[in-house]
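The residues making up each chain are set out below.
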Amino acid sequence: MSLLGKFFETNIKEPYILVCSSKSQMLFSKELLDKENIDNELIPTPKGFGEVCTTAIKFDKKHKNKVKRITNENDIEVLSIASLENKYKYNLSEIYDMNISKDFKDIINKIEANTDLNKEEVKYLLSIEDEDEYNVLIRTADIIRKECVGDRIELRAAIEFSNYCIKNCNYCGVRKDNSTNRYRMNKKEILNVVDNLYKIGIKTVILQSGEDPYYTTDKILSIVKEIKDKYKMGITLSIGERTQEEYKIFSEAGVNNYLLKIETASRRLFNKIHPDDDFDDRIKHHKFIRDSGIRLGSGGMIGLPTQTIDEIADDILFQRDYGVHMIGFGPFLPAKGTPYENESKGDLKLTLKVVAITRIVCQHVFLPATTAIASLHPDGQTLALMAGANTIMLISTPSHLRESYQIYSQKNMVDLSFTIKSTKDSKRKLPKYLNYSYLKSIGYDIDDELIK
Ligand code: 5AD
Ligand code: SF4
C-alpha cells in the first residue's frame, strides 16, 4: 500500500493526469471534477508533462472520457491528458559500472525506469554507509536535479517579520515560553525591505513569522496586496496554521506558496514535539493549502530526538504522496532555552542522504538547501546543492532584528555573498533575473561565468 493510504483514502489505481494552461483553469477543472464525483488529487506536474512548480490534477484512467468531455464542454484550456505510465525516463548509464551492491543496482534500475520506490527501498538508501554507494546516491540525485530543474539556483528572500508565537514547539527557539527579544515589523518596515529586494532583482519573497494572531487576515492581505500591486513579486507565506477559509482568501489575493512543514510524518513523534498541535490537523492543513490552489511547501527535521530511519523513510514518502511542491529538509539543531537544548544535533551525512532521496523520489519540485544545513556545517549549503537541492533562502530580515529570530542556536545568516560562494563551489549558475549591474555597483564580486 502506498503511504497515501495511511493518511487519506485514494481510489486512483491507474493514474492519469490533466494539465491545464493556468492555475485558474486548473482550479476550475478541479471544481468540475469534484462536482461529478470524480476522485482527484492535485500534484506537482511531473517532469515531461509541463513546467516545474505548476500543478496537475491526478485522476483514474476509468474517468478519462468523462474528463475529456467535461473539459471540452467547459472550454478548459487543456495542455494534456495523459497516462502517468508514460513517465519521463532518466539516463543513469554512467552508474552501471560503479561499484555497488546487487540490491542497489536493482533500485537504480527502478529509478531509471521512473517506477515509484517503496518504503523498503527508501530505507535501503537511507542506510547506505559504504563510501562508493554514498557517492552513487548523491550522483544519481544530481543527475535527476539537472534534468528536472537545471543548473540555475532559485533564490528566495525571507523576511522574518515577527518572532511572537503562541505555540510551544519543543524544538523551537522562538517558542512562547522562551525568553527572547520579541519584535513585530509593521507594513512600512516590511515594504521597505521588499523594495530593496526588488532592486536587486529578487522574484519571490517569503513572509515568515511565528504563529502570531496579531497579524489578522486583513493585515496580511494588506501587505500581500501592496507587494503584488507595486512589485508583482511572487509571495510565500510561512505564518503557521490558519483556517481553510483564510488559505482560500490568500490564494485569491495571489499568494503563490504557503510553507507549513509537517516536520515529521510520524504521528508519535509529531505529537511528542508539538504540545499545541495535532498530527491529523496538520495533515488537514496540508490538504486545505493544496486544494486552495496555493503551492504547498513542507519538509521537516532530520535527527529529532528518538526519530528512527523508518520514520524518516515515511517523511520522504509523505512529500511524494502528498503532492508537495517545495520540500525543505534540514538537520534538527538544539536551541538554547528549549526542552531539547541538550539533545544532539542532526547528522550531516544523513541529512544529505535525505535531500538526495527526496530529489530521486519527488523529482520535479523545488528543494531548498536549508538554512539549518548551512548552520550545521560551513559547507552544508554547497553539499546540499550537490545532493539534489536547487533553492536558497536569503535571510533578508533587517540586521538589527536577525539575532532575535534564533529558531535554533548559531543560525547561519545566509546572505548573498554566502550564496554566491556556494553556487560557485557547487559549480552551478546564479539566476538570470538578478540585477547584476546594480549588485556590482554596490560592491558584489560576481564572476560572469556564474551568470552565463
Ligand atoms: N532545528 C532545526 N530546524 C528547526 N526549525 C525550527 N526549529 C528548529 C530546530 N531547533 C525549522 C522547522 C521550522 C522552520 C521555520 O525551521 O522546520 O518549520
Ligand atoms: Fe512557533 Fe513555529 Fe516555533 Fe512552533 S516552530 S514555536 S509554531 S515559530
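This text gives an overview of the structure that appears in the document. Predicted model, so just to flag it, every value in this text is computed and none were measured.

1. Quick notes on the overall build of the protein chain
Part 1: From N to C terminus, the protein chain includes 18 helices and eleven strands.
Part 2: Burial status across the protein chain gives 60% buried among its 452 residues.
Part 3: Pairs at least 24 residues apart make up 74% of the contacts formed inside the protein chain by residues separated by at least 6 positions.
Part 4: Of the roughly 19000 Å² of accessible surface on the protein chain, 48% is carried by carbon and sulfur atoms.
Part 5: Of note, the protein chain has its 66 positive side-chain charges centred 3 Å away from the centre of its 66 negative side-chain charges.

2. So, the sheet that holds strand β6 (residues 204-209)
Part 1: Taken in spatial order, the seven strands make up an open sheet running β10-β9-β8-β7-β6-β5-β11, and their pairing is parallel. The sheet terminates laterally at β10 (326-331) and β11 (391-395), the two strands that pair on one side only. The average undirected angle you get between the axes of adjacent strands in this sheet is 25 degrees.
Part 2: Pairing of strand β9 (residues 295-302) with β10, which is carried by six bridges, proceeds in the parallel orientation. Looking at the pairing, M301 lines up with G330 of β10.
Part 3: Packed on one face of the sheet, helix α8 (residues 217-231) meets β5 (154-162), β6 and β7 (234-238) and runs near 160 degrees to β7.

3. Considerations on the site of ligand 2
Part 1: Near ligand 2 you find C165, K167, C169, Y171, C172, V174, R175, G210 and E211, and these make up its full shell.
Part 2: Here ligand 2 occupies the largest cavity.
Part 3: Its residues assigned to classes, the shell around ligand 2 shows five nonpolar, one polar and three charged.

4. Looking at empty space enclosed by the protein
Part 1: Scanning the model with the defined rule gives two cavities of 30 Å³ or more in all.
Part 2: Estimates place the volume of the largest cavity at around 980 Å³.
Part 3: As for the largest cavity, its lining consists of 48 residues, of which Q208, S238, K261, E263 and I407 are closest to the centre.
Part 4: For the lining of the largest cavity, the secondary structure elements donating two or more residues are β5, β6, β7, β9, β10, α14 (371-376) and β11.
Part 5: Here the element with the most residues in the lining of the largest cavity is β10; it accounts for five residues.
Part 6: When its residues are assigned to classes, the lining of the largest cavity shows 23 nonpolar, 14 polar and eleven charged.
Part 7: Considering only enclosed or pocket space, the second largest cavity measures out at about 60 Å³ in volume.
Part 8: Surrounding the second largest cavity, I111, N114, T115, D116, L117, R320, I360, V361 and Q363 form its lining.

5. Some remarks on the nonpolar core
What tends to happen in soluble globular proteins is that the nonpolar side chains get buried as a cluster.
Part 1: Judged by nonpolar contacts, the single largest core of 116 residues is most densely connected at I159, L207 and L237.
Part 2: Here this core gets ten residues from one element, more than from any other, and that element is helix α13 (residues 348-362).
Part 3: Once residues lying within four places of it in the same chain are set aside, the contact partners of L237 are L207, I220, V224, F250, V255, N257, Y258 and L259.
Part 4: Core analysis: the next-biggest nonpolar cluster, separate from the first, contains 13 residues, Y16, I38, L42 and I57 among them.

6. Looking at the side chain of H286
Part 1: By secondary structure assignment, the location of H286 is in helix α11 (residues 279-291).
Part 2: We classify H286 as buried; its relative accessible area is 0%.
Part 3: Filtering out sequence-adjacent residues up to four positions away, H286 remains in contact with L260, K261, I262, L296, S298, F318 and Y322.

7. As for the side chain of H325
Part 1: Along the chain, the position of H325 falls in the loop between α12 (309-321) and β10.
Part 2: A distance of 3.0 Å separates a polar atom in the side chain of H325 from the backbone oxygen of T54.
Part 3: Excluding residues that lie within four positions of it along the chain, H325 makes contacts with P44, C53, T54, T55, R295, L296, V365 and F366.

8. Brief notes about the pattern of salt bridges
Between side chains of opposite charge, a pair can form as their charged atoms come close.
Part 1: With the rule as written, the count across this model stands at 39 salt bridges.
Part 2: K110 is the salt-bridge partner of E121, the closest N and O atoms lying 3.0 Å from each other. Here K110 lies in helix α4 (residues 102-112) and E121 lies in helix α5 (residues 119-126), a separation of eleven residues in the sequence.
Part 3: A relative accessible area of 15% places E121 in the buried class.
Part 4: Given the relative accessible area of 22%, K110 is considered partly exposed.

9. Considerations on the site of ligand 1
Part 1: Around ligand 1, the neighbouring residues are Y171, K261, E263, M301, P331, F332, L333, I407 and Y408.
Part 2: At a separation of 2.6 Å, a nitrogen atom of ligand 1 approaches a polar backbone atom of L333.
Part 3: With the chains in place, 86% of the 400 Å² that ligand 1 exposes on its own is no longer accessible.
Part 4: Using a 2 Å cut-off from the grid points, one finds that ligand 1 occupies the largest cavity.
Part 5: Here the shell around ligand 1 is composed, by residue class, of seven nonpolar, no polar and two charged.

Reading the values: the criteria
Residues numbered from 1 in each chain as written. Chains lettered and ligands numbered in written order. Predicted model: local features only at pLDDT ≥ 70, side-chain atom pairs only at ≥ 80, totals over all residues. Heavy atoms only, no water. Helix = DSSP H or I, 4+ residues; strand = E, 2+ residues; numbered from the N terminus. Buried < 20%, exposed > 50% of the residue type's maximum accessible area, 1.4 Å probe, protein only. Contact = heavy atoms within 4.5 Å. Areas by Shrake-Rupley, 256 points an atom, 1.4 Å probe, with all protein chains shown as cover. Lys, Arg positive; Asp, Glu negative; His and termini not counted. Charge placed at Lys NZ, Arg CZ, Asp CG, Glu CD. Pairing = 2+ DSSP bridges. Axes fitted to C-alpha atoms, helices over the stretch in contact; angles between N-to-C directions. Near = heavy atom within 4 Å. 1 Å grid on protein atoms, 1.4 Å probe; cavity = no way out; pocket = protein on both sides within 12 Å on 5 of 7 lines; lining within 4 Å. Sits in = over half its atoms within 2 Å of the grid points. Nonpolar A, V, L, I, M, F, W, Y, C, P; charged D, E, K, R; others polar. Points joined across faces, edges and corners; volume = space filled by probe spheres on them. Core = buried A, V, L, I, M, F, W, Y, C linked by side-chain atoms within 4.5 Å. Polar contact = N/O pair within 3.5 Å; in protein donor to acceptor, adjacent residues only side chain to side chain. Salt bridge = Lys/Arg side-chain N within 4 Å of Asp/Glu carboxyl O.

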